[in-house]
Amino acid sequence: MKSVCFYFQVHQPYRVKRYRVFDIGNDPEYFNDRSDTDLNNRRIIEKVARKSYVPTTQLLLDLLKKHHEMRVSFSFSGVVLEQLERYAPDALALFKAVLDTGQAEVLGETYYHSLAFFYSLPEFERQVSHHRSLIQRLFGYWPRVFRNTELSYRNDLGSWAERAGYDGILAEGWDPILGWKSPNYVYQPAGASKIKLLLKNYKLSDDVAFRFSSRDWSEWPLTAEKFGAWLSATEGDTVNLFMDYETFGEHQWEATGIFSFLEHLPEEVFKNPELKFRTPSEVIRAHDHKGEIDMPHIVTWADTDRDLTAWVGNPMQEAAIKAIYDLEEPVLLANDHKIMDDWRKLQTSDHFYYMCTKWFADGDVHAYFSPYESPYDAYIAYMNALSDLRLRLEKRNL
Amino acid sequence: MKTRVLMFGWEFPPHHSGGLGVACYGLTRAMTSLGASVLFVMPKKLDVGAPWVKMVFADIPEIAARIINSPVRAYAWNKKYARPEVYGFDLMEEVLRYAQAGREIALEEQFDIIYAHDWLSFGAGVEAKKATGKPLIVHVHATEFDRCAVPAEASAKAGWNKESINEQVYELEKEGMQAADVVIAVSQFTKDLIVREYGIPAEKIRVVHNGIDESTAPTGSGALPRLRQLKHAGYKLVLFLGRITLQKGPDYFVRTAKRVSERNNKVLFVLSGSGDMESQVMDLAARLGISDKVLFTGFVGGHERHEMYAAADLFVMPSVSEPFGLSTLEAMKLGVPVLVSKQSGISEVVRHALKADFWDIDEMANKILSTLKHAPLSSSLSKNGIREADRLTWESAAQKVDSIIHELTA
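For clarity, every value in this text was computed on a predicted model and none was experimentally measured.

1. Re the sheet that holds strand β5 (residues 136–140) of chain B
Residues and elements named next belong to chain B.
Thinking step 1. Here we have seven strands laid out as an open sheet, ordered β3-β2-β1-β4-β5-β6-β7, and parallel in their pairing. Two strands in the sheet have a free side with no partner beyond their single neighbour: β3 (63–69) and β7 (205–207). Averaged over all neighbouring strand pairs, the angle between strand axes comes to 25°, with direction disregarded.
Thinking step 2. Across three bridges, strand β6 (residues 182–185) lies against β7 in parallel orientation. From the neighbouring strand, Val183 faces β7, where its bridge partner is Ile205.
Thinking step 3. The strands touched by helix α5 (residues 119–132) within the sheet are β1 (3–8), β4 (113–117) and β5, with β4 carrying the most contacts at an inclination of about 165°.

2. Brief notes about the interface of chain A and chain B
Thinking step 1. Listed by partner, the interface residues are 17 residues for chain A and 17 residues for chain B.
Thinking step 2. The element best represented in the side of chain A that touches chain B is helix α16 (residues 375–396) of chain A, accounting for five residues.
Thinking step 3. Residue composition of the side of chain A that touches chain B, grouped by class: eleven nonpolar, four polar and two charged.

3. Notes on the packing of α5 of chain B against helix α7 (residues 167–179) of chain B
All names here are of chain B.
Thinking step 1. Axis separation between α5 and α7 bottoms out at 9 Å; the angle between their running directions is 40°. On the basis of their axis angle, the class for α5 and α7 is oblique. As α5 packs across α7, the resulting crossing turns out to be left-handed. Contacts between α5 and α7 involve Trp119, Phe122, Gly123, Gly125, Val126 and Lys129 on the former and, on the latter, Val169, Leu172, Glu173, Glu175, Gly176 and Ala179.
Thinking step 2. Along the lines of polarity and charge, the residues of the contact of α5 with α7 split into six nonpolar, three polar and three charged.

4. Focus: helix α7 (residues 202–209) of chain A
Thinking step 1. Among the residues making up α7 of chain A, those that are buried are Tyr202, Leu204, Ser205, Asp207 and Val208 of chain A.
Thinking step 2. Among the structural elements, β5 (168–172), β7 (196–200), α8 (224–233) and β8 (238–244) of chain A are those in contact with the buried residues of α7 of chain A.

5. A look at the domain arrangement of chain B
Residues and elements named next belong to chain B.
Thinking step 1. According to the domain assignment, chain B contains domain 1 (3–211 + 393–409) and domain 2 (225–391).
Thinking step 2. Taken together, the 27 residues of domain 1 in the interface contact 23 residues of domain 2.
Thinking step 3. Among the secondary structure elements, those contributing two or more residues to the side of domain 1 that touches domain 2 are α1 (19–33), α6 (144–147) and α8 (188–198).
Thinking step 4. Taken together, the residues of the side of domain 1 that touches domain 2 break down into twelve nonpolar, twelve polar and three charged.

6. Describing the pairing of β8 of chain A
All names here are of chain A.
Thinking step 1. Where burial is concerned, most of β8 is hidden: six out of the seven residues are buried.
Thinking step 2. Relative to β8, strand β1 (residues 2–10) runs parallel, the two being bridged by seven bridges. In the strand pairing of β8, Cys5 is matched with Asn240.

What counts and how
Residues numbered from 1 in each chain as written. Chains lettered and ligands numbered in written order. Predicted model: local features only at pLDDT ≥ 70, side-chain atom pairs only at ≥ 80, totals over all residues. Pairing = 2+ DSSP bridges. Helix = DSSP H or I, 4+ residues; strand = E, 2+ residues; numbered from the N terminus. Axes fitted to C-alpha atoms, helices over the stretch in contact; angles between N-to-C directions. Contact = placed C-beta atoms within 7 Å. Nonpolar A, V, L, I, M, F, W, Y, C, P; charged D, E, K, R; others polar. Parallel < 35°, antiparallel > 145°, perpendicular 65-115°, else oblique. Left-handed = near helix turned anticlockwise from the far one by under 90°. Buried ≥ 20, exposed ≤ 12 C-beta atoms within 10 Å, placed from the backbone. Domains from an automatic or database assignment.

Shown next as structure tokens:
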């Protein structure tokens, strides 16, 4: 039977407030904006919980209880779970209830939603284990499948995940890499012997995540019935639908009909006896792999380039990410919990994304989601906060 | 057939002393390359001699020029200019005389449409329309409200003290805009102001942003030798280039300089320009104890202008109320990072610029210090700024004007 595998990414960063040069040395709090702008992390998490996490998770919980054959999976960053614990405990309680049904799986990732794998392997491993502890504590669950920040993947990450004992790892199913191969089968990372690789079907995923409410799209409006038919018509062993959880209620507002779509999707899937909801672990067990996938260069799920250029593609981004990882040694030496935590919160990939200028040019701002007025403002706030962190380290390590 | 435009405009570079002349030149040139022919009328005190206008346009046969002998000149708008005992003529009387001359020219010449730049020439445009019934476009580069802007401290918006407005000027502006078939504003910022303060219906106003191209960008080579020496000594240079007058916010520039100096004592602040606030701003620098950090160059024109930009590490335009802000585009075109006030037309056009409220001294200082400190920030602003300025051309401005003209003459 063909698998239908949903994985939702749940993540919100700690955005750096408008931190000025004059704050350096005077203000060790970088993430405590209290304005009514989108830099106010508490305000954002409460809004996203209200518009997306709570209604979507409540709906999923009802569906899972109603349909025992239904499955979903989540990947939560540690920083979103922290914020939910503090500011939206109702949303967190719903997630726990969903996990309690036994019909949902939680994936492993880095606690700080960072790109550490590509900059410092020891730091990456610390963040993965930090994340595992949190998932253990909150959900009593030990992740068996790994996915890296922004779905970034490279051969050596596959090898790492195998060594770390995971059963599977996720990546983007990007045509230029796959060639004639279809994303709708289970594969193995190049050089691996046990671990399996699941690839995102980006066309069907993006039909929901990006195109759902687009009236310019010839398939608009997308109904559960139509999407169910597309799933049936898709060839292969599995259809992997990977997307941001905020798709439901935040990126696609309630008025677009996204909740009603989600509500009716299971019954459309059940109409076809050849389709079966599975979690990533179940997909891996259900299907044999169809050979190796070789990804010697970094592939992500971002925009049309599917690389890391949205995060580290310009000189500001490169300088910022280098500066943060240059601090690893003094931070470890300082052995100060607050300093360590701030340093890691500054590794979250979103900070670098906000400094991206590639869509900011050429008149196309539509793709630029940022709480800052410009990439330059994002860079200034970040580098100022980093200067303060450096001062704190110097004081501490005297 | 070519559209024939009767245009009432202003002096061109190198004889101009501000953005108005540059805008007239860049736009007119681009309009003719799109197929218009222009009879360009401007005021000039003829005792100066040479008919230089013919020289300026010698390479563009589509532009003919006529000069009206008049002491009226661009930027003659401070209230004190209107006092005959100071300047030897009564400005309002001269404006009316100029308008009358506009009427006479209109009756002698053949054209399809009338075009007037800013209030001093609106009267001539209105008279030409009355005499011939041809459609009139007035192009607003600045209003009396911008010129008399009184900054409201720590307010989110520029505030206007209506008492400082010259009523006669205001009335002339308003009459011109009312009589016009279409009003062109240099920015949405200015369009909003015209709707709000002059009661002109929004649907009659079109926004045409200024541009820049090789014909109006400053040219020259290298930095001034003295500035080069200072830079070799390790100083960073932050440039203000514009008239030293209330509208341009030079006092905010100096207050920001003070704040920056507290953190970085290797920064020099250069004010290039002249104006009625010069001594006041010098006093302010002295009072703040930063006279050694603030340099005044006086008015710079021609290639010196290029040399100022070439020496600058950052260009700052802290205007209190700026309809457009062409100097910002000049700086960007030359690869200088820019910081502009949000109370400006240019801030709605460019993305690769730093922006702050003119009254937010801390934010301006923060952005200046950050740009001087982080090479990747200044190089990104520079590189992306050049690309952005390259796309904001007079040709695209002229295309918009061209389609408005076709609408009115169809």
